[in-house]
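The chain contents come next:
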Amino acid sequence: TAVMACKRGALIVLEGVDKAGKTTQCKKLVHALQQSGRPAEMMRFPERTTTIGQLISAYLENKSDLEDHTVHLLPLMKKKLEQGTTLVVDRYAFSGVAFTSAKPGFCLDWCMKPDVGLPKPDLVMFLQLSPAEAALRGQFGEERYETSVFQRAVQQKFEHLMKDPSVNWRAIDASQSIEDVHENIMTHSLNNINAAENLPLGELWK
Ligand code: ADP
């Protein structure tokens, strides 16, 4: 027919341990995409150590004092993607699962359950950086989970999650300069945005 369907945006996620450069690179990616004429927005979830599904259900069950807008995040994400906006997300379900399951007594599969069925990212770039290199990036140890022993446990959980072939993982060497990492991320993102245009949005871990 003569009616052109609106091409959807891509759901692009940056993951990785603390100080890997996720926030820096999300901002640069969104800026570069916008500069190239592609609608793009950055997204973050309010509490990165809690899974997104748990955040929403806790809110619905009135168990937490989450801000009102949290519960609207998922419908908003879907709407923006449908409207053609590419979303660049600074940490998604993977971080929550990796952080929670790295604590003693939490099994990985159990930690994944609340986030099954979330909008599935079209691309998850894992910014790889050794704990030693991360420690050189300053302010190490100030945040709740930033001790290198814990970081190593988190890294192992991420490695396990990355073996799942149903998710489009791409490992990125985050030890390079900010500009080099950005170029790499931009290349993968552009390829992915073009591919995602014609594909339906998937459901995570289903
Ligand atoms: P994250 O969001 O993964 O915790 P940030 O983007 O906040 O990481 O970066 C952590 C710190 O490391 C910041 O001070 C940032 O300027 C610096 N940084 C980020 N990327 C690089 C890089 N490629 N090389 C050196 N320093 C970097």
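Up top you'll find the structure we're talking about.
An account of the accompanying structure is given in this report. Computed from a predicted model, the values in this text were never measured in an experiment.

**Re helix H4 (residues 93-101)**
Argument step 1. Burial runs high along H4: nine of the nine residues are buried.
Argument step 2. Within the sequence span of H4, burial applies to Ala93, Phe94, Ser95, Gly96, Val97, Ala98, Phe99, Thr100 and Ser101.

**With respect to unusual backbone geometry**
Argument step 1. Located in the positive-phi region is Lys19, a residue other than glycine, with phi close to 75°.
Argument step 2. Along the polypeptide, Lys19 turns up in the loop between strand E1 (11-16) and helix H1 (22-35).
Argument step 3. Even without being a glycine, Trp205 presents a positive backbone phi close to 55°.
Argument step 4. Topologically, Trp205 is positioned in the segment after strand E7 (202-203).

**Some details on the pattern of salt bridges**
Argument step 1. Tallying each qualifying case throughout the model produces seven salt bridges.
Argument step 2. Its salt-bridge partner being Lys28, residue Glu179 comes within 2.7 Å of it at the nearest N-O pair. Residue Glu179 is located in helix H8 (residues 178-196), and its partner Lys28 is located in helix H1; the two are separated by 151 residues in the primary sequence.
Argument step 3. In this structure Glu179 comes out as partly exposed when scored by relative accessible area, which is 44%.

**What to know about the site of the ligand**
Argument step 1. In the vicinity of the ligand there are 13 residues, among which Lys19, Lys22, Thr23, Thr24 and Gln176 approach most closely.
Argument step 2. Between the ligand and the protein, one listed contact pairs an oxygen atom with a side-chain N or O atom of Lys22 at 2.6 Å.
Argument step 3. Expressed as a share of its isolated accessible area of 560 Å², the protein-covered part of the ligand is 68%.
Argument step 4. A per-element tally of the shell around the ligand places H1 first, with three residues.
Argument step 5. In terms of residue class, the shell around the ligand is made up of four nonpolar, five polar and four charged.

**Concerning the sheet that holds strand E3 (residues 86-90)**
Sheet strands pair via backbone hydrogen bonds, and the direction of the pair is either parallel or antiparallel.
Argument step 1. The sheet built from five strands is open, its strands ordered E2-E3-E1-E5-E6 with parallel pairing. Each edge of the sheet is formed by a strand with only one pairing partner; in this case those strands are strand E2 (40-44) and strand E6 (169-173). Within the sheet, the average angular offset between the axes of one strand and its neighbour, ignoring direction, is 25°.
Argument step 2. As judged from the five bridges shared by E1 and strand E5 (residues 123-128), these two strands associate in the parallel manner. In the strand pairing of E5, Leu14 is matched with Met125.
Argument step 3. Along the sheet face, H8 touches E1, E3, E5 and E6 and points at about 165° away from the line of E5.

**Here we look at the state of the cysteines**
Argument step 1. Evaluation of the coordinates by the stated rule reveals zero disulfides.
Argument step 2. Cys111 forms no disulfide, and the closest cysteine sulfur to it belongs to Cys107, at a distance of 6.6 Å.

**Topic: the pairing of E1**
Remark: a regular strand shows side chains that alternate across the two faces of the sheet.
Argument step 1. Burial analysis of E1 places six of its six residues in the buried class, which makes it a mostly covered element.
Argument step 2. Burial along E1 is two-sided: Leu11, Val13 and Glu15 facing one way and Ile12, Leu14 and Gly16 facing the other are all buried.
Argument step 3. As judged from the four bridges shared by E1 and E3, these two strands associate in the parallel manner. Residue Leu14 lies in a different strand from E3, and its bridge partner there is Asp90.

Parameters at a glance
Residues numbered from 1 in each chain as written. Predicted model: local features only at pLDDT ≥ 70, side-chain atom pairs only at ≥ 80, totals over all residues. Heavy atoms only, no water. Buried < 20%, exposed > 50% of the residue type's maximum accessible area, 1.4 Å probe, protein only. Helix = DSSP H or I, 4+ residues; strand = E, 2+ residues; numbered from the N terminus. Salt bridge = Lys/Arg side-chain N within 4 Å of Asp/Glu carboxyl O. Near = heavy atom within 4 Å. Polar contact = N/O pair within 3.5 Å; in protein donor to acceptor, adjacent residues only side chain to side chain. Areas by Shrake-Rupley, 256 points an atom, 1.4 Å probe, with all protein chains shown as cover. Nonpolar A, V, L, I, M, F, W, Y, C, P; charged D, E, K, R; others polar. Pairing = 2+ DSSP bridges. Axes fitted to C-alpha atoms, helices over the stretch in contact; angles between N-to-C directions. Contact = heavy atoms within 4.5 Å. Disulfide = S-S within 2.5 Å.

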